[in-house]
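If you want the building blocks of each chain, they are given just below.
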Amino acid sequence: MAVDKVKQLEREIDALQRQLRQQNQQAENERKKMSDKNKQAIRSYQEDMKKAVRQHDEKAKKEYERMLRDYQRGLDRDVQNEIADLNADYRRLLEDVRKSEEALARKTQELEQAVQSVRNDLSRRDEGSSREAKEYLLNATEEFREIEKKPHEKFVPKRLNIFYNAIKDGQQLYKAGLFEAATAVAISAKSGLERLGYNIDDKVEEWDGQHDLFVMKLNYLAVKVQQELDDWEEYISEKSGSNANLRKKHLVEINYWSRGEFAELVQGMNKYRKIAWEIEKVGKDEYLKKPESANTDDLKEYIKEVEKLDEKLELIHNLYKLRYTASCQRADWGESIIDFLSDEINLEWHEEMTGYRQATKETLSSKDFQEYIKVTFDSEDVTEDTREWLKLVFENASENMIYIYIVPVENKSNVENRIIIHIDYNGAEQEIYSRDICQHICEVLQCDEESGIVTYTSDINALKLNTNKSFSDTAKDLEKLMHNS
């Protein structure tokens, strides 16, 4: 009987699915050994990691980051090929899995053909067991309800509808007295649902691994961001303690000296922390049933974005502190130069022309600048940008104007101040006098003339062509002064 063939195929497929599940589990276990071992090590090391961040223990931090990389690598399904290259037994296991998958595909196709054959034979009405058909339909329905509890729409969208329609079809065949056809359809539906369930479980497991990695990387970043604030307070020797307003002021300062990058970083981190918090609040099972929930590929993208934020923090970690220190140095140098040139060589200091570079329109409207001005000067009228050059203007007895710019020059790892001097002579250039002014400045700063810190320029156009933007912008300011004088 055709239905007996269907039942035989059902048993064979069940056996193949159990075998394949066991083989896949063995293969997955090999891959998971590395992943689980690293995951366990990471969790036991997390308190040490926090301590390492607090104490700036770079060696311990690098070790934690290595663990995260190893865990991340262990989640990669492609790592199976690497294991297979090293392990002959594992390679044979993967080959067995491949063969079982091919056998299962053939048997499944054979089953579908047999089921279709039974369905098409309408002459067998009222043959077969009504009770047996009902039992098979109930079994298929129970399997359907079990799969319905899983996040099927997240990982296999619309697939469950196929089996819903198949079971409905089986029920209609049963009502029509086509018991053998109903049995065959129910067997096929249950078999397919079991495969679907295994597939969903595998995808959920993969999602779990990526979610754990996402949370671990996010928490690591959060610890480092929090430490950044503590480090800044240590750096400027001003502890906030329980003073929330002072702590907020320090956050504004960090953001100002990082040119808004710190706030962007924190905003990005909080965006992902909100996602992580939502998952924790509702639980993974409920979260995955939401249509808008993140899938595995989304989590992988989140991880990449968190890694980028971490890299950005590493880049600005020292840079904003160096900008602050360089600005303090410009202020100190400026005061020393003013005192010396005014008192020792009797130059007239033009205070009204002295100051930091005027902020651009874009800077004036930026949040980092506005908040800093408000908390630092308790005013919104300040328009000078202390992150930029400091200009000092003097005049000698011959009414020659002397312009001194203390200019910050920065790269990715350092910020250094340089001094550019220009004298607007009423007549011919006086080289000896220009050199004397440079020597005086070097004397004030206690630096050698060969150090490159102090530079005299007589050619503004040449300075405009300088590849360093800070220098070329200085030339543009000088040009404007010459035009207005």
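For the structure, see preceding data.
Residues numbered from 1 in each chain as written. Predicted model: local features only at pLDDT ≥ 70, side-chain atom pairs only at ≥ 80, totals over all residues. Heavy atoms only, no water.

Topic: the packing of helix α8 (residues 179-235) against helix α12 (residues 296-343)
Here comes step 1: Two elements in contact, α8 and α12, have axes whose closest approach is 9 Å; the angle formed by their N-to-C orientations is 10°. In terms of orientation, α8 lies roughly parallel with respect to α12. Pair α8 / α12 crosses with left-handed handedness. (Axes fitted to C-alpha atoms, helices over the stretch in contact; angles between N-to-C directions. Helix = DSSP H or I, 4+ residues; strand = E, 2+ residues; numbered from the N terminus. Parallel < 35°, antiparallel > 145°, perpendicular 65-115°, else oblique. Left-handed = near helix turned anticlockwise from the far one by under 90°.)

A word on the side chain of Glu395
Here comes step 1: Relative to the assigned elements, Glu395 resides in strand β3 (residues 390-395).
Here comes step 2: Although Glu395 lies buried, it forms no salt bridge, and the closest oppositely charged side chain, Lys391, sits 14 Å away as judged by the N-O distance.
Here comes step 3: Polar side-chain contacts of Glu395 include one of 2.8 Å to the side chain of His350.
Here comes step 4: Not counting the four nearest positions on each side in its chain, Glu395 is found in contact with Leu347, Glu348, His350, Asn400 and Met401. (Buried < 20%, exposed > 50% of the residue type's maximum accessible area, 1.4 Å probe, protein only. Lys, Arg positive; Asp, Glu negative; His and termini not counted. Salt bridge = Lys/Arg side-chain N within 4 Å of Asp/Glu carboxyl O. Polar contact = N/O pair within 3.5 Å; in protein donor to acceptor, adjacent residues only side chain to side chain. Contact = heavy atoms within 4.5 Å.)

Points about empty space enclosed by the protein
Here comes step 1: A full pass over the atoms with the stated rule returns 2 cavities of 30 Å³ or more.
Here comes step 2: By volume, the second largest cavity amounts to about 40 Å³.
Here comes step 3: Looking at the second largest cavity, the residues that line it are Arg259, Arg323, Arg330, Arg387, Pro408, Glu410 and Val415.
Here comes step 4: Those elements that place two or more of their residues in the lining of the second largest cavity are α12 and β4 (401-410).
Here comes step 5: Looking at the lining of the second largest cavity residue by residue, the classes come out as 2 nonpolar, no polar and 5 charged. (1 Å grid on protein atoms, 1.4 Å probe; cavity = no way out; pocket = protein on both sides within 12 Å on 5 of 7 lines; lining within 4 Å. Points joined across faces, edges and corners; volume = space filled by probe spheres on them. Nonpolar A, V, L, I, M, F, W, Y, C, P; charged D, E, K, R; others polar.)

Side note on the nonpolar core
One broad trend across soluble globular proteins is that nonpolar side chains are buried collectively.
Here comes step 1: Ranked by internal contacts, the top residues of the largest apolar core, which has 74 residues, are Phe214, Val225 and Tyr272.
Here comes step 2: Excluding its chain neighbours within four sequence positions, the residues that come into contact with Tyr272 are Phe214, Leu218, Tyr302, Glu305, Val306 and Leu309.
Here comes step 3: With 26 residues, the next largest nonpolar core counts Leu341, Phe394, Ile404 and Val454 among its residues. (Core = buried A, V, L, I, M, F, W, Y, C linked by side-chain atoms within 4.5 Å.)

Re a negative patch on the surface
Here comes step 1: Together, Asp332, Glu335, Asp339, Asp343, Glu344 and Glu443 give the surface a local cluster of negative charge.
Here comes step 2: No other element matches the 4 residues that α12 contributes to the negative patch.
Here comes step 3: Along the chain, Glu344 turns up in the loop between α12 and β1 (348-349). (Patch = residues over 30% accessible without salt bridge, like charges linked within 9 Å, V, L, I, M, F, W, Y side chains within 5 Å. Areas by Shrake-Rupley, 256 points an atom, 1.4 Å probe, with all protein chains shown as cover. Charge placed at Lys NZ, Arg CZ, Asp CG, Glu CD.)

Regarding helix α10 (residues 261-282)
Here comes step 1: Between its first and last C-alpha atoms α10 spans 32 Å; for 22 residues at 1.5 Å apiece the expected length is 32 Å, and the two agree.
Here comes step 2: Listed as buried for α10 are Phe262, Leu265, Val266, Gly268, Met269, Tyr272, Ile275, Ala276 and Ile279.
Here comes step 3: Its buried side turned inward, α10 meets α8, α9 (244-257), α11 (284-288) and α12.
Here comes step 4: Residue Gly283 follows α10 closely and has a positive phi angle near 90°. (Expected span 1.5 Å × (residues − 1).)

Side note on the pairing of β4
Here comes step 1: Taking burial as the measure, the 10 residues of β4 include 8 buried ones, the bulk of the element.
Here comes step 2: Where β3 meets β4, 6 bridges bridge the pair, whose relative direction is antiparallel. Its bridge partner being in β4, Lys391 is matched across the sheet by Tyr405.
Here comes step 3: Two successive antiparallel strands, β3 and β4, enclose a turn made up of 5 residues, where Glu399 displays a positive phi of approximately 65°.
Here comes step 4: In this sheet, strand β5 (residues 415-424) lies alongside β4 in antiparallel orientation, the contact comprising 10 bridges. Note that in β5 the partner of Ile406 across the bridge is Ile419.
Here comes step 5: The antiparallel hairpin formed by β4 and β5 contains 4 residues in its connecting segment. (Pairing = 2+ DSSP bridges.)

As far as function goes, none of this settles anything; it's purely spatial.
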